[in-house]
Amino acid sequence: MKYYNIIIIGLGPAGSILASSIKNKTILVIDKKNPNNSNEGFHKPCGGLLAPDAQKVLAELSLSIPKSVVVDPQIFSVKTIDFDHHLERSYQRMYLNMNRHAFDCWLMSKIPNHVEKATSCTVIKIDKNTEGQYVVTYKNEKNEFFSCEADMVVGADGASSILRHYLYPKAKYRYYTAIQQWFKNVDIKPVYSCIFDSTITDCYSWSISKDDYLIFGGAYPSKNARTLFEEQKKKVSLKLQVDFSNAVKIEACLVMRPRLMKHFFLGHDQAFLIGEAAGFVSPSSLEGISYAIKSAMILAHIINGGNKSFHHQYQVETRKMRMTLYLKRIKCLFIYHPILRKWVMKSGIRSIKVNEIV
Ligand SMILES: Cc1cc2nc3c(=O)[nH]c(=O)nc-3n(C[C@H](O)[C@H](O)[C@H](O)COP(=O)(O)OP(=O)(O)OC[C@H]3O[C@@H](n4cnc5c(N)ncnc54)[C@H](O)[C@@H]3O)c2cc1C
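Quick look at the structure, then.

Definitions and limits used
Residues numbered from 1 in each chain as written. Predicted model: local features only at pLDDT ≥ 70, side-chain atom pairs only at ≥ 80, totals over all residues. Heavy atoms only, no water. Pairing = 2+ DSSP bridges. Helix = DSSP H or I, 4+ residues; strand = E, 2+ residues; numbered from the N terminus. Near = heavy atom within 4 Å. Polar contact = N/O pair within 3.5 Å; in protein donor to acceptor, adjacent residues only side chain to side chain. Areas by Shrake-Rupley, 256 points an atom, 1.4 Å probe, with all protein chains shown as cover. Nonpolar A, V, L, I, M, F, W, Y, C, P; charged D, E, K, R; others polar. Buried < 20%, exposed > 50% of the residue type's maximum accessible area, 1.4 Å probe, protein only.

Right, let's talk about the pairing of strand 5 (residues 87-92) for a bit. Inspection of the sheet shows strand 4 (residues 77-82) paired to strand 5 by six bridges, in the antiparallel sense. Across the sheet, residue I81 finds its bridge partner in strand 5, namely E88. With antiparallel pairing between neighbouring strands as the criterion, strand 4 and strand 5 make up a hairpin whose turn holds four residues, including H86 at a positive phi of roughly 55 degrees.

Next up, the structure:
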């Protein structure tokens, strides 16, 4: 069985940045995605909006986004629609509108050649051998199975992390089911909207223009997510006067929404969790790319430092990030509590006035 110092599961932003940043180790990375920027294989369902915090961490890594990752149009405001109180406001936002899959593929292309890559491969089992090393089993597209060993394993495998399930089989965490549909050539002005409707979800829905497509999606309680999605779609279709009848694509996945400190999972016994696998996602906006990259940078720094108390250091160095995410529960109150949101929207605080010129 082949041996590596480190096996990284998942090549979203967290896994790719980690794999690109660790020095002097033998590394295997495994991901379900097809690395070619094609329609094949797994695509992460995502709004694909790069928030200022994520832009800052990329700047700190001296990474400049290529044109191939950016989509049309760039929208600098979000239209906020509150179905509970029939309110509408616009707020300035400085997001970069991207093709999320192209972004992931671009980050994967930065991984140095000495890192071994098993792409279009799915990890199906994690175990420990008698020497205490991790044994990771994965399969490729042809259903061929492979196993390899490592002293350290990192779960950068997102909300449904197989490593988190292995390390914390009984843990309870807070998650929603995110569903998105893509519509082609919809007759509507470019839009980015956030929709709040407490009769459907205590999270939110969104619509966003991306090249020739309009995406409508939302995060819903998992129990009857599809029904809730359809109900919300119907209401938004009437409100925005959009024809949502011909979806060309539907995608769904879990999204973590931490509320308590115990909703973060850092790992133990030489197994680490980073990015969304660890619960590092904003519970107010569901923005997670910046936290994925930040946690990867923290772990890489610790591993490269060579200090043996990895877990203690990871705990210490992620404390600020965990606290920031935990404190977003205060922001959540003003966004998600119907009465407080009504008060904020009615007051017009931080909103902008939009005058349509054409
Ligand atoms: C619908 C939706 C919209 C979002 N919109 C935004 C947004 O606009 N902006 C923003 O900043 N954040 C957004 N987020 C959050 C953001 O997508 C995540 O926080 C971010 O992608 C986390 O990065 P990650 O690298 O930790 O995990 P992921 O990006 O989820 O990557 C995990 C990787 O692991 C791989 N993987 C998983 N399981 C296995 C396995 N068993 N074997 C092999 N590979 C595996 C997957 O292929 C994937 O590539 C959104 C989330 C959702 C669900």
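Take the site of the ligand next. Around the ligand there are 36 residues in total, and D31, K33, R100, V123 and E276 lie nearest to it. Take L49: an N or O atom from its main chain is 2.9 Å from a nitrogen atom of the ligand. Summarising the interface, the protein chains cover 95% of the accessible area of the ligand, which totals 990 Å² for the free molecule. Of all the secondary-structure elements, those providing two or more residues to the shell around the ligand are helix 1 (13-21), strand 2 (27-31), strand 8 (122-128), strand 11 (175-184), strand 15 (247-256) and helix 6 (289-305). Here the residues of the shell around the ligand are counted per class, giving 19 nonpolar, nine polar and eight charged.

On to unusual backbone geometry. Here the amide bond leading from D72 into P73 is cis, since omega sits at -5 degrees, within 30 degrees of zero. Assignment of secondary structure puts P73 in the loop between helix 2 (52-60) and strand 4. Positive phi outside glycine occurs at S120, with the angle close to 55 degrees. Assignment of secondary structure puts S120 in the loop between strand 7 (116-119) and strand 8. Given the relative accessible area of 14%, S120 is considered buried. Here the phi dihedral of R350 falls at roughly 65 degrees; this positive angle occurs in a residue that is not glycine. Structurally, R350 is set in the loop between helix 9 (338-347) and strand 18 (351-352). Judged by relative accessible area, which is 74%, R350 ranks as exposed.

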